[in-house]
Amino acid sequence: MNKSKWNEKNKKKNKLTSRALYNEQLIKELLGNSTELVSKQVNLEEEESVTVVFLYMNGLVSQKLVQEIILEILLIDIGEAVPILSNKTKSKEDLYHELSIIANELTEVETIIDSLINGKTVLFIDGKIAAFSIDTKGSNTDRGVEQNTTQQVVRGPKDSFTESILINVALIRKRIKDPSLWTEQMVIGTKTQTQVMIAYIHDVVNEDLIKEVRSRLKKIKVDAILESGNIEEFIQDQTYTPFPTVYNSERPDAIAAGILEGRIAIFIDGTPFVLLVPVLLINFLQTPEDYYQRSDIATLLRCLRMLAVVLSLLTPSIYIALTVFHQEMIPTRLLISLAAQREGVPFPALVEALIMEVTFELLREAGIRLPATVGSAISIVGALVLGQAAVDAGIVSAMMVIVVSITAISSFVFPSYNFAISLRMLRFGFMILAATFGFFGIFTGLLLLVMHLSSLRSFGVPYLSPFAPYNSSDQEDAIFRVPIWLRDNRPKLINQKNIRRERSWKVNHKK
Amino acid sequence: MGKYINMLYAICLCVWLSGCWSANELSSITIATALGIDKSEKGFTLTLQVLNPNEIAGKEGLSSRTAISNYTESGATFFEAVRKLTKVTPRKVFLSHLMLVAYGESVAEEGISSSLDFLIRDHELRTDFVMAIVKDNTAGELISVLTPLEKISASKIYDSIESAQDYWAPTKKVQVDELVNSLTAEGKEAVLTGIYIVGNSEEGQKLQSVEQTKPLANIYINGIGVFNGDQLVGWLNEEESKGFNYITNNVKNTVGWVSIGNGKVSVEVKKNDTKIIMNQKNDAKTFDVVLKTVVNIGEVETDFMIMDQSDVQKIEEKVAEKIERICQASITKAKEYESDIFGFGEVMRKTSPEEWGKVKDNWSKQFVFAEINVKAEVQIDKSGMITSPFYKKIKEKNSEE
């Protein structure tokens, strides 16, 4: 049900009264008498029948904090240097005075419920047609900052984001101690009320980009946001594409680097994956570690990943095209060896390739879902199905096993899981094209792919830049990674203002 | 969206329409490696050598079958004969990996141009196979001979021609495009490599032949067949073939020897550069063949000191003399056949087209009377690991005893 309708329906009959116990009952009813809603009644001593009711959601609050606050608010402080609480409660006036400092006064029922859900403690006092909410948020559902599992590096920070948005933002603030790192908050999801924050460096980021991100986020009308993937689907430029146009990472250093380049990070409460926009195709082939290793190593590794793109996308289709259409292109000796292997195989090359590729995809999916304790079983079975046993059984040729293995290895090279999936999907299309038209089909497919890629935009930035449109100054951090002291400019297409980084001449060691 | 879905439909329909046009699974083709062309009453008799891949690269224990099998078919035209082969081969014949096209001597004597058209025209053939003439035997017999070491005899012949040309220079690797070029060029005649069988060609077809250390039949590459037009007119022997290669600047590396004193010195030719220049004095036309050759000393069987400049010079002169003699022998033989295989006519055409216009119609007759001087310049580069031969010392020791 839509939130505003819910409000209107309940507004009329759900009104606060001056009776604390009645208010308590009202809230309990609205929350369906959920068991984790805890209420505590206290009667003020001085005046008869002044009841104070505390309400909070068990599990969302810090028990210790709640106890402290209840005691501190209610009981008279008789200590001098150190606060020592007496066993007497405060007067009503003192209580109001205290609350006016530390609590917010709420009059609407729905805001009261919002604050309860957000881990606040709510007080009702007899004689007041309002509630006081005190922040007692402190959840034991948060885990600490742990080592990241999805984008591992050999050298570089090992911490990763957590499910708590505040910790996540803090991890970025720890890295960028600049007053111009601004954040904006919004709440998305009528039911989940998910906290979403965007973070950017104010004097670097393109104003239009902030406006665009803001407006796209505001347009989201949905009941639930459970993960950044939900947001990603709403804000991406084009839905019908296999390629991701929003970057996500678990690594605070990757997100911080993106923010420093003038991109915008989108934090979503409840997930360790933070989004970054806009993103280019080439960013999916770069890892944060590229910047921590020497530039020549990084450049070579990037070239290796480019090669992996080609291998992962085309190895099976090139094998099919060569063996079915273009036998004259295979060196004679290799052809003889291939022909000898294919001699006993009953299937056409395409079927053979599909069998092996689908088996591999199944294995891979099973490997992800399996609990770690039985994980070793899958590798044993996998080695049989995708190995010598399949060859000995006469179902596939030995070369096909090698082809599938090369494809598999190269699809694991990419630092981004979602980019690897895009290539996995396209691979099957290319296999069918290769089996139908040979190299002609493969190249037609590649042509269409390039056309599609150049039509893509990520928040208005051409997906293939800095190659198409070509931008010579951005080449310093595309395939090549020039030494950091040579890298003067931020990516041009992403931020049009304040392009120049601080000039950082290499330290002169000779002096 | 609807537009895209329609496009997708159209593309999908194309997939079925194509019917996997020109697709051939590896297991449905048979790889041909050699083609033998012989004469028959009707026209051509073709012998096709195809592979049995399992016998070459299979990992299971090899059976007693041969790695190659031959099919023979005759036809009135070349193409007809090729297509008729499908009657006897179990699968579609795949010609792209052809390595050798061999002509029987009798076909070559009659003329080879009628069979060349198909070899160039057909899209399936690559033009990197070698062409050769089988001396004395038929081409069918040649490609049926089993060879030790290399299971595919076509591949053995291909490699032998290549290495013989590169390290010994008694032959020339001729590919189809080069053959067609020299057949059609003005002022140049074609040549083809000679191949012959030594031993019993009948026995050489049996597996027992390669089951012993000395096969019952062996394939040798030697000599060059000289063409006049598209007809084989004669052969150059080994030395004359080498001379031919010297003149046409096709020597990469070879070995020769000269007599010095009472012994021999062998030299290895490391580099050779030949230029043919046409001189015109009044009406007389002369050709100068200028060779610049760099050699290394390979073997010394006499008391020769490399440190001695005069000795070095003596060898250089002797080697130059020998090269000149070889070249002249080759030229004499070619004149005998009235076939300008070296391309002197082409040199003339390039240097003085008017003169060429006068003689081109009966150049083969004119060529016989052309004056051709050969001038070789030899330079010794390296002498190997020994400077003074121990040959002399051993001799002295022997005489002491």
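Going by the annotation in an unreviewed UniProt entry, the name recorded for chain B is Spore germination protein KC, with Paraliobacillus ryukyuensis given as the source organism. According to its UniProt record, chain B has this under Sequence similarities (unreviewed entry): "Belongs to the GerABKC lipoprotein family." Recorded in UniProt for chain B, the comment headed Subcellular location (unreviewed entry) runs: "Membrane".

An unreviewed UniProt entry lists chain A under the name Spore germination protein KA, with Paraliobacillus ryukyuensis as the source organism. Of chain A, the UniProt comment under Sequence similarities (unreviewed entry) reads exactly: "Belongs to the GerABKA family."

Student: Sorry, what's going on with the pairing of strand β8 (residues 191–199) of chain B here?
Tutor: Each regular strand shows side chains that alternate between the opposite faces of the sheet. When strand β6 (residues 130–134) of chain B meets β8 of chain B, the two strands line up parallel, connected through three bridges. When the sheet's bridge partners are listed, Ala132 of chain B is paired in β8 of chain B with Thr193 of chain B.

Student: Looking at this structure, I do not really get unusual backbone geometry. What am I missing?
Tutor: Generally, phi is negative for residues other than glycine and the peptide bonds are trans, each holding for most cases. Along the chain, Val277 of chain A connects to Pro278 of chain A via a cis peptide bond; the corresponding omega equals -10 degrees. Turning to its location among the elements, Pro278 of chain A is positioned in the loop between β12 (274–277) and α10 (295–324). For the bond from Ala468 of chain A to Pro469 of chain A, the omega torsion is 5 degrees, close enough to zero to count as cis. Relative to the elements of secondary structure, Pro469 of chain A occurs in the segment after β14 (461–462). If you check the backbone angles, Leu149 of chain B has positive phi at about 65 degrees while not being a glycine.

Student: How do you make sense of the environment of Asn118 of chain A when you look at a structure like this?
Tutor: Residue and element names in this part refer to chain A. Among the structural elements, Asn118 can be located in the loop between α5 (109–117) and β6 (120–125). Take Asn118: its relative accessible area is 39%, and that puts it in the partly exposed class. Sequence separation of Asn118 and Trp182 is 64 residues, and the distance between their C-alpha atoms is 23 Å.

Student: I tried to follow the nonpolar core on my own but got confused; where do I start?
Tutor: Counting residues in hydrophobic clusters, the biggest one holds 100 residues, and the most contacted among them are Ile172, Phe243, Ile259, Phe267 and Phe419 of chain A together with Leu100 and Leu142 of chain B. Not counting the four nearest positions on each side in its chain, Phe419 of chain A is found in contact with Phe243, Pro244, Leu281, Phe284, Leu285, Val309 and Phe414 of chain A. Judged by nonpolar contacts, the second largest core, of 80 residues, contains Ile37, Phe78, Leu95 and Ile315 of chain B.

Student: Help me understand the interface of chain B and chain A in this model?
Tutor: Accessible area lost upon the coming together of the parts is a frequently used measure of interface size. Contact with chain B, which involves 31 residues of that partner, is made by 24 residues of chain A. Taking both sides of the interface into account, the surface hidden between chain B and chain A amounts to around 2300 Å²; carbon and sulfur atoms contribute 65%. Ranking the residues of chain B by area buried against chain A places Glu25, Leu26 and His97 of chain B at the top, with a combined share of 26%. Counting across the interface, chain B meets chain A through four salt bridges. For Glu25 of chain B, the salt bridge goes to Arg342 of chain A, with nearest N and O atoms at 2.9 Å. Connecting chain B to chain A are eleven residue pairs in polar contact (both at pLDDT 80 or more).

Conventions we followed
- Throughout this document, residue positions are counted from 1 along each chain, in the order its sequence is written.
- Following the order in which they are written, the chains are lettered starting with A and the ligands numbered starting with 1.
- It should be noted that, the model being predicted, local features are given only for residues of pLDDT at least 70 and side-chain atom pairs only at 80 or more, the latter also being counted only at that level, while totals for whole chains, interfaces and linings use all residues.
- Think of the side-chain values as coming from all heavy atoms in the structure, minus any hydrogens and water.
- UniProt positions are given in the numbering used here, feature names are shortened, and annotations may be inferred rather than shown by experiment.
- When DSSP locates at least two bridges between a pair of strands, those strands are taken to pair.
- Numbering of helices and strands runs from the N terminus; a helix is a DSSP stretch of H or I covering at least four residues, while a strand is a stretch of E covering at least two.
- Categorising residues by exposure relies on relative accessible area from a 1.4 Å probe, with only protein chains included: less than 20% of the type maximum marks a residue as buried, more than 50% marks it as exposed, and the intermediate range marks it as partly exposed.
- Nonpolar core, defined: a set of buried Ala, Val, Leu, Ile, Met, Phe, Trp, Tyr and Cys residues in which side-chain atoms within 4.5 Å join the residues together.
- The contact definition used throughout considers only heavy atoms, calling two residues in contact when any of these lie within 4.5 Å.
- Once two parts are put together, the accessible area they lose, assessed with a 1.4 Å probe and summed over both, is termed the buried area.
- Salt bridges, as used here, are contacts in which a Lys or Arg side-chain nitrogen is within 4 Å of a carboxyl oxygen on Asp or Glu.
- N or O atoms closer than or at 3.5 Å make up a polar contact, with two conditions inside protein: a donor-capable atom paired with an acceptor-capable one, and, for residues adjacent in sequence, both atoms drawn from side chains.

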